[in-house]
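Examining the three-dimensional arrangement
Spelled out from the first residue to the last, the chains are:
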Amino acid sequence: MTTATTPPVSSSHPGSRLARAALEKRFGAKFAKDIARGVDFGSRVWDWKGSDAAAFVEFCEKHYHPPGKARSGLLRRLDEIHHLVSGSFNVIAKTTRAGLDMAEVELTASEELFGAFSPGTHLDEDLRTFNVAALAQLNFGTDDLDPPTTREGWAARRVSKIGRTVIPADLLAEASKRQAEVDRFVSGFNLHLDKIDYTDSSVKFPKDTVRISHWGLRDYMTSLNGQENALPRQRAIRDLMRRVVDGEIPREIVDNPKLRWRQADNTVTGNGAPHAAAMTGPLRWEQFKKAYDVQRRIDPHTQFGNIIDNKFKAEREIPEEKIVRILEDVLSAPVAEQVARFVEKRLGRALEPHDVYFRSFQAGTKKSPLGFDISKRYPDAAALTRAIPGILVKLGFKKDRAEWIGARIQVDNSRSAGHAWGPATSQDIARLRVRVEKGGINEEEFGTFMHELGHCTEQVLTSYGMDYKSLWGVPNTAFTEGFAFTFQDKADFILGRKAALDADITMLQRFWEVFEITGPALTEIRFFHWLYETPGASAADMHAAIRRIGDEVWTQYYARIFGNEGHGLMSVYSHMLWCSFYIADYSMGYVIAYQVRKFLATRKFAPEMERLCALGCIYPEPWMKAAVGQSISAVPLLEDVGRACKRVLRG
């Protein structure tokens, strides 16, 4: 794999040598090491084509701040200015993308144009044009990855990234357009289950049963457990998911309630006579390839030259080897067979591949009724927004604090399944997107709402009160997933279900959730390595490769429980299509969430969540050690699941 980037200007450049000499003469030899560092990093982003050595020396003499009070003051200014400028573009995007993200806004051709509009694409170039990048690199640029010992040190480490790499604005603009196209494609891949004549003629779905692929299909299939004649319908949905992967869905029935598809002969009927269906084929990967092709052109301008290293080293800041080892530890854990025995008992039958999505651990195959109509309690997004402070109070936040957090979160009706977009400036708010069908929210959607509320609560707590704005957020997306999963776990509690949860069975569910998502995560990692090893791959090649790689993961880790035929379930995740290389963050989120959950189990939830969030976006390992006193690992989860299995299965 190529990881080389455009080599920086050598520190032996005549301008660099002159700048070092001038700064040492002015500030003294005691700063020689820091001066050499600063001049080296400043020279990497300096416009040598547009200026000469004398201009660089003059700039360094004017803008070098020696360590101490002067540099601390500069840090505060860069911290404030860069946050406001970059964050403001994020605020703008929330408005320009409204048509793509929010169901209340009609998705017209003009809204699609607005959604692709990205006014911040020139920011990195402007940072260099106006020498803000050179200023940041001269004073804070570094390759040091050792954890700082002070909050100021952490802020300086984050500021050191300002202007370090510049992706050409035209590529960023094109990437934004492709992203909008993928968003539209994924959000619109809705299947009307009641408008299909299945191979099994006994399968029927209620009128207007429409679900998005893949997660809507998955969650609806899971919700059928405990209902009469669930299995034939689950098999039908599982086959739909397989057909999505294999490109065997008629193109014209996607998001179209006016047509009827007969699977027996693959014909489609509308107003006229039945006609042969034109299948999607590699359509999903045609969408992906558009985004991926732009990414390959962006790669040379990034720190590590490819999306894999950039994701693990620069974004996740956890080595790929460690993450893959954690994923494989989960997938190969012997406790998987033990938990499978429990699921089999709950279902009262042998396991089938779709049972990897099983979630009805606590109540057997059927949850107790709520005692109220959830759709009337939460008829729309506004009702959910109003409910947030009360939900937070139930979770242990003090009333005034719950109201303060709730005032900074707005719920929107989402086109897609769910999304959380945190505040980008001190004047901004978090936007929680969840799908609310006409007539009100259902339990599936409420679970998604609680997941996204976990994200948004974290986003609020890791923002406004942070000591440095460059430390807003958490180390990486796996950590915010940890908080989101923790909130989602509490959905039944918030809805007032009386039955107490069995702690041991909860442990089994924790494992099964991460066991399910980790296969697709490993599939995606292997797929991206295949992509870089196979330059020039067509969409059809990608379509075939993702199925093959997913089947290999299934055979290696799941066949021992569910049988050899995986029905493409490892390759169905729509998240892959964004080319954002994201799914492993879910797995790591479960692992991290468990470590956090275990720590919080004997402590007050709200105060401890506030303490953890106050750490901000320092490196992942120092965050975990400061938060719960241990390194990131699947071992605590696997050991506790093993003990729980012994007690549950013995009983």
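A short tour of the structure in this document, coming up. This structure is a prediction, so every number in the text was calculated from the model and none was measured.

Across the sheet, 4 strands lie side by side as β2-β4-β5-β6; this open sheet has mixed pairing. Only two strands of the sheet have a single neighbouring strand rather than two, namely β2 (196–197) and β6 (275–276). Relative to strand β5 (residues 267–269), strand β4 (residues 260–262) is paired through 3 bridges, and the arrangement is antiparallel. Paired with Trp261 across the two strands is Val268, which belongs to β5.

The subject of this paragraph is the packing of helix α21 (residues 477–489) against helix α26 (residues 605–613). At a minimum axis separation of 12 Å, α21 and α26 run at an interaxial angle of 165°. Classified by the angle between their axes, α21 and α26 sit roughly antiparallel to one another. Of the two possible hands of crossing, α21 and α26 adopt the one that is left-handed. Contact residues: α21 offers Phe483, Thr486 and Phe487, while α26 offers Phe605, Met609, Leu612 and Cys613. Tallied by class, the residues present in the contact of α21 with α26 amount to 6 nonpolar, 1 polar and no charged.

Bringing the pattern of salt bridges into the picture now. According to the stated counting rule, one finds 50 salt bridges in the structure shown. Between Arg647 and Asp504 there is a salt bridge whose closest N-O contact spans 2.8 Å. Of this pair, Arg647 sits in helix α28 (residues 635–650) while Asp504 sits in helix α23 (residues 503–533), and the two are 143 residues apart along the sequence. Judged by its relative accessible area of 40%, Arg647 falls in the partly exposed class. With relative accessibility at 17%, the residue Asp504 sits in the buried group. A salt bridge links Asp640 to Arg643, with the shortest nitrogen-to-oxygen separation between them at 2.5 Å. Separated by 3 residues within a single helix, Asp640 and Arg643 lie in helix α28, roughly one turn from each other. Under the relative-accessibility criterion, Asp640 is labelled buried at 10%.

This part takes up the sheet that holds strand β9 (residues 430–434). As summarised here, the arrangement of the 3 strands in space is β7-β9-β8, forming an open sheet in which the pairing is mixed. Sheet topology places β7 (409–413) and β8 (418–421) at the edges, where each strand pairs with a single neighbour. Each strand of the sheet is rotated relative to its neighbour by a mean of 15°, with strand direction disregarded. Here β7 runs beside β9; their pairing, made up of 5 bridges, is parallel. Note that in β9 the partner of Asp412 across the bridge is Arg433.

Inspection of every chain in the model, using the stated rule, returns 4 cavities of 30 Å³ or more. Looking at the largest cavity, its volume works out to about 200 Å³. Among the elements of the structure, β3 (210–212), α11 (215–223) and α20 (443–461) are those that each provide at least two residues to the lining of the largest cavity. Class assignment for the residues of the lining of the largest cavity results in 5 nonpolar, 3 polar and 6 charged.

One finds Phe446, Phe449, Phe511 and Phe527 to be the most contacted residues of the largest nonpolar core, which totals 204 residues. Ranked by residues supplied to this core, first place goes to α23 with 16 residues.

A word on a nonpolar patch on the surface. Taken together, Ile81, Leu84 and Val85 make up a surface patch of nonpolar side chains, about 230 Å² in accessible area. Along the chain, Leu84 turns up in helix α4 (residues 69–96). The class of Leu84 is partly exposed, set by a relative accessible area of 45%.

With that out of the way, let us pick up unusual backbone geometry. Cis peptide bonds are those with omega within 30 degrees of zero, and the linkage from Ser213 to His214 qualifies with 10°. The phi dihedral of Asn229 falls on the positive side, at around 55°, and the residue is not glycine. Among the secondary structure elements, Asn229 is positioned in the loop between α11 and α12 (230–246). Under the relative-accessibility criterion, Asn229 is labelled exposed at 56%. Positive phi values are uncommon outside glycine, yet His567 reaches one of about 55°. Position of His567 relative to the elements: it lies in the loop between α24 (539–562) and α25 (584–600).

Parameters and conventions
Residues numbered from 1 in each chain as written. Predicted model: local features only at pLDDT ≥ 70, side-chain atom pairs only at ≥ 80, totals over all residues. Heavy atoms only, no water. Pairing = 2+ DSSP bridges. Helix = DSSP H or I, 4+ residues; strand = E, 2+ residues; numbered from the N terminus. Axes fitted to C-alpha atoms, helices over the stretch in contact; angles between N-to-C directions. Parallel < 35°, antiparallel > 145°, perpendicular 65-115°, else oblique. Left-handed = near helix turned anticlockwise from the far one by under 90°. Contact = heavy atoms within 4.5 Å. Nonpolar A, V, L, I, M, F, W, Y, C, P; charged D, E, K, R; others polar. Salt bridge = Lys/Arg side-chain N within 4 Å of Asp/Glu carboxyl O. Buried < 20%, exposed > 50% of the residue type's maximum accessible area, 1.4 Å probe, protein only. 1 Å grid on protein atoms, 1.4 Å probe; cavity = no way out; pocket = protein on both sides within 12 Å on 5 of 7 lines; lining within 4 Å. Points joined across faces, edges and corners; volume = space filled by probe spheres on them. Core = buried A, V, L, I, M, F, W, Y, C linked by side-chain atoms within 4.5 Å. Patch = residues over 30% accessible without salt bridge, like charges linked within 9 Å, V, L, I, M, F, W, Y side chains within 5 Å. Areas by Shrake-Rupley, 256 points an atom, 1.4 Å probe, with all protein chains shown as cover.

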